[in-house]
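# Coordinate inspection notes
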Amino acid sequence: MNWDDETDTGTAAERLVAPAADGEDTAVEAALRPKDLSEFVGQEKVRQQLDLVLKAARQRGATADHVLLSGAPGLGKTTLSMIIAAEMGAPIRITSGPAIQHAGDLAAILSSLQEGEVLFLDEIHRMSRPAEEMLYMAMEDFRVDVIVGKGPGATAIPLELPPFTLVGATTRAGLLPPPLRDRFGFTAHMEFYEPAELQRVIHRSAGLLDVEIDTAGAAEIAGRSRGTPRIANRLLRRVRDYAQVRADGVITREIAAAALGVYEVDSRGLDRLDRAVLEALLKLFGGGPVGLSTLAVAVGEERETVEEVAEPFLVREGLLARTPRGRVATPAAWAHLGLVPPGPAAPGSGQQGLFGP
Ligand SMILES: Nc1ncnc2c1ncn2[C@@H]1O[C@H](COP(=O)(O)OP(=O)(O)OP(=O)(O)O)[C@@H](O)[C@H]1O
């Protein structure tokens, strides 16, 4: 599954259900981040394993091994890197692959690290090649060669570094060159969250935001959050607004459903674009197979928008399949939109069929 597809387009960033952070998220996320492993919801395996890695390092009085975190945006990679630093009682420096264009940029960061410091490198797969090569040596030997001068007169000056912990984050570990991947002592893959886990995230965030919410209200938001804590927190804020303006401020199932109806996020977390794609596929093309370009024209969107913004989630949800002959709707897609597939109508189904009466 290619989650990376969901991250980069402008359209994706403007959606309420986009997994990447928007400006408002950045402003409020700091307040909602769990501060230690016990507050971090879900990802049981990763939590247990990391707990052991960190405890063992602490007992030895050593710096923790380098950690690679892979997973879709908004699942908690940045949060976990901050927790690693906090658990080790170490400071943290945050940067990202695209910010490191030259090996010199990386050398400057590495040479200013304190002993034991955590260096969080987001989107590590997008670092430049020379920087990547410098990182190999830094991770393994805590040393870099700084090249001074150019051409035949250039000399490499070795620079000792204090031991540090690199926490690399990537949407896809498969994008990393094996020599880089192999230098991480601990690799963790973060999965999408179960609705029950998102419900816990929502209750926790509601407490921090001082919002009253009941169990059914949290479940309603969790079911629409696409397995992603960032989206859960974002939907919670929109529902809070609605509860405050249109009701008494308390979030119940009815309030959550009504609020998210206003924002066109449906019961499974599909938004207007997702539903338009699905509706076109079902209503205009009988469920497919239909070519991507034809589908895109039918919904009045660019081909890339349909492919990169809408489709990954529809595929993940089992509503749409990409086949060599084109896009095909699954039985779950017909059921979700309350339509009956063409062919003999199910007697007494009571559903409004496309080709029915
Ligand atoms: N396990 C969790 N428990 C509680 N809250 C979480 C958890 N994971 C993430 N969150 C919340 O979700 C938001 C996004 O998390 P975070 O920034 O760590 O995601 P990310 O994976 O680093 O995303 P990106 O790849 O876009 O940087 C934060 O506000 C954080 O508090």
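Residues numbered from 1 in each chain as written. Predicted model: local features only at pLDDT ≥ 70, side-chain atom pairs only at ≥ 80, totals over all residues. Heavy atoms only, no water.

Moving on: the overall build of the protein chain. Helix and strand content of the protein chain: 15 helices and 9 strands. Going through the 357 residues of the protein chain one by one, you find that 47% of them count as buried. Intrachain contacts of the protein chain at a sequence separation of at least 6 include 69% that bridge at least 24 residues. (Helix = DSSP H or I, 4+ residues; strand = E, 2+ residues; numbered from the N terminus. Buried < 20%, exposed > 50% of the residue type's maximum accessible area, 1.4 Å probe, protein only. Contact = heavy atoms within 4.5 Å.)

What the 5 strands build is an open sheet, ordered S2-S3-S6-S1-S7; its pairing is parallel. The open sheet is flanked by strand S2 (92–96) and strand S7 (186–189), the only strands paired with a single partner. The mean angle between the axes of side-by-side strands here comes to 15°, regardless of whether they run parallel or antiparallel. Pairing of strand S3 (residues 118–122) with strand S6 (residues 165–170) involves 4 bridges; the strand directions are parallel. Within S6, the residue paired with Val118 across the bridge is Thr165. (Pairing = 2+ DSSP bridges. Axes fitted to C-alpha atoms, helices over the stretch in contact; angles between N-to-C directions.)

Let us look at the UniProt feature "binding site: ATP" (unreviewed entry) in the protein chain. Those residues carrying the UniProt feature "binding site: ATP" (unreviewed entry) are Leu32, Arg33, Gly74, Lys77, Thr78, Thr79, Glu140, Asp141, Phe142, Arg183, Tyr193 and Arg230 in this numbering. In summary, the annotated positions, distributed over 199 residues, remain apart in three dimensions as well, the widest C-alpha pair reaching 36.7 Å. You can see Lys77 is positioned in helix H4 (residues 77–88). For Lys77, a relative accessible area of 8% gives the class buried. Looking at Lys77, its side chain comes within polar contact range of the main-chain oxygen of Ala72, at 2.9 Å. Counting through the fold element by element, Thr79 comes out in helix H4. The class for Thr79 is buried, based on a relative accessible area of 8%. The residues contacting Thr79, other than those within four sequence positions of it, are Arg33, Pro34 and Phe40. Only 2.9 Å separates the side chain of Thr79 from the side chain of Arg33, close enough to count as a polar contact. (UniProt positions renumbered as here; feature names shortened; annotations may be inferred. Polar contact = N/O pair within 3.5 Å; in protein donor to acceptor, adjacent residues only side chain to side chain.)

Right, let's get into the site of the ligand. Surrounding the ligand, one finds 19 residues, the nearest of these being Val41, Lys77, Thr78, Thr79 and Arg230. Within the backbone of Gly74, an N or O atom sits 2.9 Å from an oxygen atom of the ligand. Asp122 is positioned such that a nitrogen or oxygen atom in its side chain is 3.5 Å from an oxygen atom of the ligand. (Near = heavy atom within 4 Å.)

Turning next to the packing of helix H10 (residues 229–246) against helix H11 (residues 253–262). Interaxial distance between H10 and H11 falls to 9 Å at its minimum, and their mutual angle equals 105°. Relative to H11, the element H10 lies roughly perpendicular. Contact with H10, carried on its side by Leu235, Val239, Tyr242 and Ala243, involves Ile255, Ala256, Ala258, Ala259, Leu260 and Val262 of H11 and no other residues of that element. Its residues assigned to classes, the contact of H10 with H11 comprises 10 nonpolar, no polar and no charged. (Parallel < 35°, antiparallel > 145°, perpendicular 65-115°, else oblique. Nonpolar A, V, L, I, M, F, W, Y, C, P; charged D, E, K, R; others polar.)

A separate point is the side chain of Thr330. Residue placement: Thr330 occurs in the loop between strand S9 (326–329) and helix H15 (331–336). The class for Thr330 is buried, based on a relative accessible area of 18%. Thr330 has contacts with Gly318, Leu319 and Leu320, leaving out every residue within four places of it along the chain.

Note that soluble globular proteins tend to have their nonpolar side chains buried in a common cluster. Among the nonpolar cores identified, the biggest contains 48 residues, and Leu80, Ile202, Ile213, Ile221, Val239 and Ile251 are the most heavily contacted of them. Of the residues that make up this core, three or more belong to each of domain 1 (33–189) and domain 2 (195–262). Setting aside its immediate chain neighbours within four residues, Ile221 contacts Ile202, Ile213, Ala232, Leu235, Leu236, Val239, Ile251, Ala256 and Leu260. Ranked by size, the runner-up nonpolar core spans 25 residues in total, among them Ala131, Tyr136, Leu166 and Leu180. (Core = buried A, V, L, I, M, F, W, Y, C linked by side-chain atoms within 4.5 Å. Domains from an automatic or database assignment.)

Attention now moves to the pairing of strand S8 (residues 320–323). The pairing of S8 with S9 spans 4 bridges and is antiparallel. Residue pairing in the sheet places Ala321 in a bridge with Val328 of S9. Hairpin connection, S8 to S9: the antiparallel pair is bridged by 2 residues.

Attention now moves to the pattern of salt bridges. Counted according to the given criterion, the structure contains 23 salt bridges. Arg15 serves as the salt-bridge partner of Asp274, at 3.0 Å between the closest nitrogen and oxygen. Of this pair, Asp274 sits in helix H12 (residues 272–284) while Arg15 sits in the loop between helix H1 (10–14) and helix H2 (23–32), placing them 259 residues apart in sequence. Given a relative accessible area of 0%, Asp274 falls into the buried group. A relative accessible area of 8% places Arg15 in the buried class. Two residues, Glu117 and Arg93, come together in a salt bridge whose shortest N-O distance is 3.4 Å. In this pair, Glu117 sits in the loop between helix H5 (103–111) and S3 while Arg93 sits in strand S2, placing the two residues 24 residues apart along the sequence. Members of the salt-bridge network, linked through shared partners, are Arg15, Arg226, Asp271 and Asp274. (Salt bridge = Lys/Arg side-chain N within 4 Å of Asp/Glu carboxyl O.)

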